[in-house]
Amino acid sequence: MRPGLLASALVVARKDLAIEFRTRTAFLAVLMFAILGVAIFYFAWDVTAVAAIDLAPGVLWVIFTFSGLLSLQRSFGVELADRAMDALLLSPIDREAIFLGKALANLIFVSGIQLLTIPSVGLLYNLPLGHALPILFAIALLAAVGLVAVGTLFSAMAANTRLAELLLPMLSLPFFVPVVYGAAQATSTLLAARPMAEAWPFLKLLIAFDLVFLTACTLAFPYTLEE
Amino acid sequence: MTSASFGGEASAPLSVSQRAPLFDWLFVVAVIGMAMAYVRAIFFTPIEALQGAAQKIYYLHVPAALSAYISLGVVALTSIVYLWLGDERADRLAESAGEVGLLFLTAVLTTGPLWGKPIWGTWWTWDARLTLTLFLWFLTAGYLVLRGAVEDRAMRARYSAVLGILAALLIPFIHLSVYLFNTLHPMPIVLKPEKPSMPTEMLVTFLGFFAACTVLCIALIRARYRYGVERDALRELESAGGEGY
């Protein structure tokens with residue numbers, strides 16, 4: 001890593017978050033989507049037959065996957081207007097730093113959604129989260145890193161294609177399988193109050209995914225830009 | 001064995017004499033080989049004692065799966081080569097192998113349930129190997145959709161190479177996920193029995209089918225590659241002609 005990579009990544013992340021903070025439209029819209037999704041899921045199964053605690057992990061992770069896709073969509077979408085991407089590429093920072101900055105901004109965005117959605121699932125589904133909450137947030141963060149690494153890269157690619165918002169889910173969802181699987185299994189271990197040692201293989205899966213794809217996507221990102 | 005036939009330089013428009021001949025001998029060999037393999041499998045190979053006629057699907061199913069793996073391996077390798085050297089022949093080979101890979105994966109996913117219904121009693125089960133094949137199909141289809149969605153040729157080559165490499169990295173993770181899943185929730189099915197010894201007659205049929213299928217796979221990739229060369233040459237002629245008028 002060249003010196004200044006992380007510093008310039010922080011600048012890019014701050015720029016994206018400043019745009020988001022000043023408008024606040026995307027965050028509120030995605031949050032609404034997530035909570036609406038949680039509410040709608042409640043009506044999609046027979047509550048007398050299946051306990052909410054058995055379905056909550058699945059609901060949570062399906063919702064995070066789709067709300068994550070929604071938020072990743074605008075990551076490079078905002079750079080299309082007025083060809084803002086060209087200005088970003090002209091600035092004297094590494095292309096890897098642009099990727100890491102964008103990914104960091106997306107991570108903060110997605111984590112913010114999770115931070116608010118998880119308690120609302122606990123509330124609406126009447127789950128005894130309590131002491132499990134910190135570990136649940138940690139699992140969510142591990143999963144979010146993987147989702148955001150892959151999603152940011154595909155968002156950059158999809159923004160330049162004819163299909164744009166259709167292509168992002170099509171490319172990303174197969175990549176989300178190990179993440180959603182690992183996170184949902186770890187969550188259900190946690191919610192069922194089974195020993196966390198049972199969840200360790202899934203956490204290892206998430207950590208390995210994060211490391212491999214954060215590295216691979218950072219290295220691949222420069223190839224997705226116009227030469 | 002095919003590298004010699006990929007020699008046509010695509011950047012320069014091809015003259016008539018350079019064009020690939022209309023008669024594709026390798027493809028003809030492959031089709032005849034497949035026909036012979038089918039005839040032998042259907043009429044000259046004994047019916048398996050326990051599974052009955054359904055077992056004969058095996059002769060097509062397994063070679064098709066192996067051909068799909070070969071094609072997808074070619075996609076992964078040529079993706080790396082493209083990002084490394086920027087040679088557009090690597091990109092065209094990846095495009096050809098991706099399409100042929102999807103074809104063979106579709107054959108695997110069609111013949112599998114046909115065998116599974118009489119033998120397992122179900123068309124589909126979320127067994128590790130089935131799930132992995134299904135996701136390979138999704139990834140390959142997504143790869144081809146991406147190729148169709150990018151207009152610019154160099155950009156399309158770079159995007160699809162990036163996706164090809166990331167998909168190759170993803171496969172071990174999906175593999176691990178489905179095996180973790182499988183060990184935690186064992187399915188009440190008998191996996192395909194690994195026969196220590198297959199009767200010679202069946203083994204010969206299988207190997208014959210395998211050889212024919214591999215030749216067909218190579219012939220299809222080669223034919224698709226040649227089509228790509230001509231298509232690109234035609235596009236260049238058209239754009240050159242457009243400037244002239």
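Rules and cut-offs
Residues numbered from 1 in each chain as written. Chains lettered and ligands numbered in written order. Predicted model: local features only at pLDDT ≥ 70, side-chain atom pairs only at ≥ 80, totals over all residues. Helix = DSSP H or I, 4+ residues; strand = E, 2+ residues; numbered from the N terminus. Buried ≥ 20, exposed ≤ 12 C-beta atoms within 10 Å, placed from the backbone. Contact = placed C-beta atoms within 7 Å. Nonpolar A, V, L, I, M, F, W, Y, C, P; charged D, E, K, R; others polar. Core = buried A, V, L, I, M, F, W, Y, C linked by C-beta atoms within 7 Å.

With that settled, the discussion passes to the environment of threonine 152 of chain A. Residue and element names in this part refer to chain A. Relative to the assigned elements, threonine 152 resides in helix H6 (residues 133–158). On the basis of neighbour count, threonine 152 is assigned to the buried category, with 25 C-beta atoms found within 10 Å. For the pair threonine 152 and phenylalanine 99, spaced 53 residues apart in sequence, the C-alpha separation works out to 7.6 Å. Threonine 152 has contacts with Leu72, Ser75, Phe99, Lys102, Ala103, Asn106 and Cys217, leaving out every residue within four places of it along the chain.

For the rest of this paragraph, the subject is the interface of chain B and chain A. Between chain B and chain A, the contact holds 25 residues from the first and 21 residues from the second. Listing elements by their share of the side of chain B that touches chain A, those giving two or more residues are helix H4 (128–149) and helix H5 (153–184) of chain B. Ranked by residue count, the leading element in the side of chain B that touches chain A is H5 of chain B, at 15 residues. Split by residue class, the side of chain B that touches chain A holds 21 nonpolar, two polar and two charged.

Bringing the nonpolar core into the picture now. All names here are of chain A. Core analysis: the biggest nonpolar cluster contains 121 residues, and Ala143 and Ala183 have the highest contact counts within it. Among the elements that line this core, the one with the most residues is H6, at 16 residues. Not counting residues within four places of it along the chain, the set of residues in contact with alanine 143 comprises Val179, Ala183 and Leu206.

With that out of the way, let us pick up unusual backbone geometry. Residues and elements named next belong to chain A. The backbone of asparagine 126 sits at a positive phi, close to 60 degrees, despite the residue not being glycine. Along the chain, asparagine 126 falls in the loop between helix H5 (95–124) and H6. Exposure remark for asparagine 126: the 10 C-beta atoms within 10 Å place this residue in the exposed category. In this structure, alanine 193 is a non-glycine residue whose phi angle is positive, near 60 degrees. Within the secondary structure layout, alanine 193 lies in the loop between helix H7 (167–191) and helix H8 (200–220).

A separate point is the environment of lysine 204 of chain A. Residue and element names in this part refer to chain A. Along the chain, the position of lysine 204 falls in helix H8. Classification of lysine 204 as exposed rests on a count of 12 C-beta atoms within 10 Å. As for lysine 204 and glycine 182, which are separated by 22 residues in sequence, their C-alpha atoms are 8.7 Å apart.

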